[in-house]
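Here's the letter readout for the chains.
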Amino acid sequence: MQTTDIGNKEEGKVWHRKPTPSNTGVMVTVIRSAAAYQSKTVRFLHVTFDTTGDSFLAGDHHGNIYVLDITRNRFRLVQKTGQACTALAFNLRRTTEFLVALADYSIKCFDKDTKQLVSWMRGHEGAVSSVSVHGSGRYAISTSADTAQLWDLDTFQRKRKLNVRQSVGIQRVFFLPLGNTILSCFNDDSIFAWESDTLFCKYQLPVPDEGPRIHYKAFAVTRDGKILAAGGRSNLLHLWCLDTRQLLRVVQMPPKVRTVRQLEFLPDSFDGGASQTLGVLSQDGVMRFINIQTCKLLFNIGSHDDAITSATVSPNGRHIVTIMDDGSLNIYSVQCLTQDYNKPPPSLVKVVSGGECSALTMKVKSEGVQRPAKNPGRRVKTKVLRPPAVPMTEDKENELPDGLNKKRLVTLLKAFGEYPAKYRMFVWRSLLRLPENHAAFSSLTDKGLHSAYLSIQERYPIKSHKLQRGLQRVLSALAHWAAIFGETDYLPLMAFPFVKLFQNNPLLCFEVVATTIVNWCQHWFEYFPNPPLNVLSMAENVLAHHDKELLQHLIDCGVTSQLYVWPLLETLFSEVLTRDEWLKLFDNVFSNHPAFLLVSVVSYVTCCRAPLLLCSHKEDFEYFFHHRNNLDVSSVIKETYRLMESTPADIHPRNMLNDFQPLTRGQYPVFNKYPTYIVEYQSQERERIRQQEVDYLRERQAVQELRAKAVQRQAEDEAWYTQQEILQQAEEKRRDILQQEESKLAEQRNRLTAMKRELKVKELQLMDAARRRFLQQQQDQRLTELHRLDEQIHRKMNTRDQETAAAVQDIQVRQMELEAQRRLFEQQLAKEQVRVTQEVRAEVDTRRHRSEVEETTFQHLLNNDTDVSLGTKKWEEVVSQKAQLEEQRQAAATAEANRRVFLSQEEEENEQHRDNLRRSQDHSLSKQWEMRARSPCSTSGLLHNPVASPGPHQSQQRHSPNNICLNNQSTSDDSTCFSLDRGRGELDCRERELMQNIRELRQKMAARAKNSNSTVSQ
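Residues numbered from 1 in each chain as written. Predicted model: local features only at pLDDT ≥ 70, side-chain atom pairs only at ≥ 80, totals over all residues. Heavy atoms only, no water.

Things to note about the overall build of the chain
A count of helices and strands for the chain gives 23 helices and 32 strands. For the chain, with 1018 residues in total, the buried portion stands at 40%. About 59200 Å² of surface is accessible on the chain, with carbon and sulfur atoms providing 51% of the total. (Helix = DSSP H or I, 4+ residues; strand = E, 2+ residues; numbered from the N terminus. Buried < 20%, exposed > 50% of the residue type's maximum accessible area, 1.4 Å probe, protein only. Areas by Shrake-Rupley, 256 points an atom, 1.4 Å probe, with all protein chains shown as cover.)

As structure tokens, this is what we get:
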């Protein structure tokens, strides 16, 4: 088996040579040593596979997330979160992304390739225990102790939130495979199925009424989503059929299994999703794989020495990754585990008959699976030893809970001297057969702290507050159980080692102390409140038998058994032994008869024979038995076993003490082996003394308060007289100081007056200087303003000249445009006149020629009347010709009307064009005037409105009141003035002349047309 230390590497190989699975199926073990020192390793906390099953994520205690690819033999560090993770998910729709639930109650999504944070989801108020992803990879459910939340992994927004009462609590919420069903499991063993889209409750699995309550903690579902396995605080497993919603089978695991921590189905390539192999991880760190149909134990992984904390099975069923108790990762090969030579040959399961659930319950009887090592040379034969049908009485006495055997434990103890530290508490619980009566212990603790131990910290001060509260709680429970334990002074010394050992589990601590008192402290309280003289006499008799010389020396020195036996018994050797020595001794005490403790006291004394013989004073003996000494505890234990075997039966404590009796289950036994009247009397006396003490303290408090008030009043009086004397002395000093201060004040006033006078003069001088400076500054500012105004005037004048030149140029360009348009218009009119004249002339000539032809024809016809028939024909031809002439005359009239309409349209267009030209010219001139009116020059009187200004120029402007003159002649200025409208009059005259010519031409054309019409009509 290979071991790979990834250390601080960010990537590398998982194994350096081809893995060859051992007989346990382990391919490779992965550890991560700390950076500071190689001896300490960082624990891995969670593991999860991807959808392919070829790679998995692993998160350690420092927040590092690794991807381990089994097929490629590579590992890579993909993220450093800085805090421990509580859950992982690696089966998202985007295969490069994964979810990590952190210790700060948040969930983060990272990309393993880019190592970037994709999203950060918050909302939980407690640690997230699990994250379940839907088969499509689009939704995820995160579960904590009080709530479950549904997330959309496309938007990373929370869709729904499931809250429950704190008294109920959520155990786990997850998606079922191959469907849209959500299964929610609560602490009261209720299981509900919900529709993931609508969150509609589909059904609830019925809670079994028969049999003990299991307290579901672990769940597993087959890949086809039809079978649900559930387990908890019992060795029973419930198999539910989700199709019929009925309990399919109850499987009973071996007696070793007391609690089921985790369940995992092992998939197979040919089972169609209906997995038949179920892995069960129990409290002993062993994961047992059974067949749920035949209920046979197939194989197991892990052991007591190499316990498993959690396990994850790959989706393809090829590998199993486990987190061990030491924090390392073990990668198992399922193919190696499921081979025939690794399977046990005998049948390991049988059906239990009888009872109401006999048809459902099946019991696993095997202790474990034996795996013979591989041997290629020959085939190894195994022999199964079957136990006898009827066990012997001795075996019954030696059988312990959890599958242990007392005889074997004692043999192991004698061989190694002590139990393994890792399993010591487990062995003690089995040896003492602790009933773990939670309800009874809760009833004792609910009574609160006992009055006898309210102030135990004053008598036994302990640095650790947690340890002190634990000791106080256990002692109070013992005092409520039996009244004598509230009066026993040495009980804290006896219970303290156990409290320190079981400080995290007060129930076990109480039951261990109670079992020790009931069995190893027999007859201790018969002479209460005196030491148990009968028990001390037993020890003295054994010492007298084995070492008379030492006993005689002790008697000669006046040392009784109350001095050399009782200190060891009342403290259970905790004062004279170290922690390891004490644990080693009590490994043997709890594994033997109750007389072993008493004999061990005698062996301790005999082993210390040499220093005790040198002591002669009583104080030396007291110090010796209350402090640690240089002594090998192994020799004491060996001597104890020797004394247990060599002591005669008549004086042997075994015959005077009862055998071991464990505490009863359900309720603790009644403890009344003590003089009740003495205890009651002491309790009454203690209560009376306590009440008297309270009264005395109250009276003393009142007297002290009165005394304090009297002392305070006397002190106040003395302080008042002293204060009056001090005030009188202070008054006299104040008067003297006041006179001195008045004289000083007068001098200061004179100096102040002189200083004020000087300051006034200086102030006046400064004010005069400031005034002069201000006047100078004002003068400079005015000069600067004048310069600025001059520059502004020059700048505005330049601007005005530029604007004037631009306006002149614009007007000239406009006049040129108007002149060009007028010429073009005249040319068009001339062309039109020529065309019309030509048309009229052609028409007149045509009509004249036509009339001449008609007259000639008519005269010719009138003269030729020789033949009547010919004349008739001629007359018809003349009539037809007249009709044709009439039609031609009508066509000519129609053409004349069209021509007149055309000429009228042309005239209207010309008039409209002239109006547009005039309006555009007026608009441009008005804009120029407004622009000049807004300019600063207009406010300075540089531009004037010629209409508003009176003078002789009004007669020149009356023909065009809308014209604007830029410069008018002023009486105060002899400069020549010019007008921007100097060509406007000429243009208007030409325009009027042109229009007059057009009108005359039209009149002439109309007259000619009338004349031609009249001629034609004649």
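Observations regarding the environment of Phe573
By the element assignment, Phe573 lies in the loop between helix 13 (566–570) and helix 14 (579–590). Assessed through its relative accessible area of 1%, Phe573 is described here as buried. With 76 residues separating them along the chain, Phe573 and Pro497 place their C-alpha atoms 9.8 Å apart. In this view, Phe573 contacts Leu568, Trp582, Leu585, Leu597, Ser600, Val601 and Tyr604; residues no more than four positions away in its chain are not counted. (Contact = heavy atoms within 4.5 Å.)

Comments concerning the packing of helix 8 (residues 491–501) against helix 9 (residues 506–520)
Look at helix 8 against helix 9: their axes get within 9 Å of each other, and the N-to-C directions meet at 130°. In this view, helix 8 runs oblique relative to helix 9, as classed from their interaxial angle. The hand of the helix 8/helix 9 crossing is right-handed. For the pair formed by helix 8 and helix 9, the contact residues are Leu491, Met494, Ala495, Phe498 and Val499 on the first element and Cys509, Val512, Val513, Thr516 and Ile517 on the second. Classifying every residue of the contact of helix 8 with helix 9 by side-chain character gives 9 nonpolar, 1 polar and no charged. (Axes fitted to C-alpha atoms, helices over the stretch in contact; angles between N-to-C directions. Parallel < 35°, antiparallel > 145°, perpendicular 65-115°, else oblique. Left-handed = near helix turned anticlockwise from the far one by under 90°. Nonpolar A, V, L, I, M, F, W, Y, C, P; charged D, E, K, R; others polar.)

Some words on the sheet that holds strand 10 (residues 107–111)
Strands in a sheet are paired, the pairing made by backbone hydrogen bonds, and the direction either parallel or antiparallel. Strands sit in the order 8-9-10-11 across an open sheet of 4 strands; the sheet is antiparallel. Sheet topology places strand 8 (85–89) and strand 11 (117–121) at the edges, where each strand pairs with a single neighbour. Within this sheet the neighbouring strands show an average axis-to-axis angle of 20°, counted without direction. Sheet topology places strand 10 next to strand 11; 4 bridges connect them, and they run antiparallel. Along strand 11, the bridge assignment pairs Phe110 with Leu117. (Pairing = 2+ DSSP bridges.)

Focus: the packing of helix 5 (residues 438–445) against helix 9
For the pair helix 5 and helix 9, interaxial distance at closest approach is 11 Å and the crossing angle is 90°. Taken together, the axis directions place helix 5 and helix 9 in an arrangement best described as roughly perpendicular. Of the residues in helix 9, those touching helix 5 at His438, Phe441 and Leu444 are Pro506, Leu507 and Phe510.

Brief notes about unusual backbone geometry
Positive phi, close to 60°, is recorded for Lys115, a residue that is not glycine. You can see Lys115 is positioned in the loop between strand 10 and strand 11. The backbone of Arg245 shows a phi angle near 60°, a positive value even though the residue is not glycine. Its location among the elements puts Arg245 in the loop between strand 22 (236–241) and strand 23 (246–252). Arg245 gets classed as partly exposed once you look at its relative accessible area, which sits at 36%.

What about the pattern of salt bridges?
What the rule picks out here adds up to 33 salt bridges. The salt bridge partner of Arg424 is Asp587, with a shortest N-O separation of 3.0 Å. Note that Arg424 is positioned in helix 4 (residues 424–432) and Asp587 in helix 14, a separation of 163 residues in sequence. The residues Arg424 and Asp587 share a single accessibility class, namely buried. Among the charged side chains, a network of salt bridges with common partners joins Arg93, Arg94, Glu97, Arg138, Asp152 and Asp154. (Salt bridge = Lys/Arg side-chain N within 4 Å of Asp/Glu carboxyl O.)

Thoughts on the sheet that holds strand 26 (residues 287–291)
If you walk across this open sheet you meet the 4 strands as 24-25-26-27, and the pairing is antiparallel. Both outer strands of the open sheet, strand 24 (260–266) and strand 27 (297–301), are each paired with one neighbouring strand and no more. For this sheet the average axis-to-axis angle between neighbouring strands, irrespective of direction, equals 20°. The pairing of strand 25 (residues 277–282) with strand 26 spans 5 bridges and is antiparallel. Bridging across to strand 26, Thr277 finds its partner in Asn291.

Focus: the packing of aromatic side chains
Following the criterion strictly, the structure yields 32 aromatic pairs and no others. Site record: aromatic cluster; members linked through ring pairs are Trp428, Phe498, Trp520, Trp582, Phe586, Phe590 and Phe660. Taking NZ or CZ as reference, Lys108 lies 4.2 Å from the ring centre of Trp120, over its face. For Arg172, the ring lying beneath its charged end belongs to Phe174, and the centroid distance is 4.8 Å. (Phe/Tyr/Trp six-rings, centres within 6.5 Å; stacked < 30°, edge-to-face > 60°. Lys NZ or Arg CZ within 6 Å of the ring centre and 35° of its normal.)

A word on a nonpolar patch on the surface
Together, Leu783, Leu786 and Leu789 make up a nonpolar patch on the protein surface, roughly 250 Å² of accessible area in all. Here Leu783 lies in helix 19 (residues 676–863). (Patch = residues over 30% accessible without salt bridge, like charges linked within 9 Å, V, L, I, M, F, W, Y side chains within 5 Å.)

A few points about helix 8
Within helix 8, 8 of the 11 residues are buried, leaving the element largely enclosed by the surrounding structure. Among all positions of helix 8, only Leu491, Pro492, Met494, Ala495, Pro497, Phe498, Val499 and Leu501 are buried. Elements that come into contact with the buried residues of helix 8 comprise helix 4, helix 6 (456–459), helix 7 (465–481), helix 9, helix 13 and helix 14.

Points about the side chain of Asp50
Tracing the chain through its elements places Asp50 in the loop between strand 4 (44–49) and strand 5 (55–60). Comment: no salt bridge for buried Asp50; closest opposite-charge side chain is Lys112, at 7.4 Å. Among the polar contacts made by the side chain of Asp50, one reaches the side chain of Thr52 at a distance of 2.9 Å. Looking at Asp50, its side chain comes within polar contact range of the main-chain nitrogen of Gly53, at 2.9 Å. With sequence-adjacent residues up to four places away left out, Asp50 is seen in contact with Ser55, Phe90 and Pro315. (Lys, Arg positive; Asp, Glu negative; His and termini not counted. Polar contact = N/O pair within 3.5 Å; in protein donor to acceptor, adjacent residues only side chain to side chain.)

Overview of the confidence of the model for the chain
Of all residues in the chain, 84% have pLDDT values of 70 or greater, and the mean over the chain is 80. Here residues 340–359 is modelled with pLDDT under 50, and outside its nearest four sequence neighbours on either side it reaches 42 contacts, counting other chains as well. A low-confidence stretch, residues 365–397 (pLDDT under 50), is modelled with 30 contacts involving residues beyond four sequence positions or located in other chains. (pLDDT = per-residue confidence, 0-100.)

A look at the pairing of strand 23
Summarising the sheet, strand 22 and strand 23 pair through 6 bridges and their orientation is antiparallel. Within the sheet, the bridge partner assigned to Leu239 lies in strand 23 and is Arg249. Turn length for the strand 22-strand 23 hairpin, with the two strands adjacent in sequence and antiparallel, is 4 residues, and the turn residue Arg245 shows positive phi of about 60°.

What about helix 11 (residues 548–556)?
Three or more residues of helix 11 are buried, namely Leu550, Leu551, His553 and Leu554. For helix 11, the arc enclosing every buried residue in end-on projection is 160°, short of the 170-degree limit, so these residues lie on one face. Of the exposed residues in helix 11, the ones pointing more than 90 degrees away from its buried face are Lys548, Glu549 and Asp556. For helix 11, the secondary structure elements touched by its buried residues are helix 10 (533–546), helix 12 (561–564), helix 15 (595–607), helix 16 (609–614) and helix 17 (618–624). (Arc of directions from axis to C-beta.)

What to know about the environment of Val78
Note that Val78 resides in strand 7 (residues 74–80). Looking at Val78, the relative accessible area reads 1%, which means it is buried. Once the C-alpha coordinates of Val78 and Val67 are considered, the two residues, 11 residues apart in sequence, prove to be 6.7 Å apart.

A closer look at the side chain of Arg822
With respect to the secondary-structure elements, Arg822 resides in helix 19. Relative accessible area serves as the criterion here: at 15%, Arg822 is assigned to the buried category.

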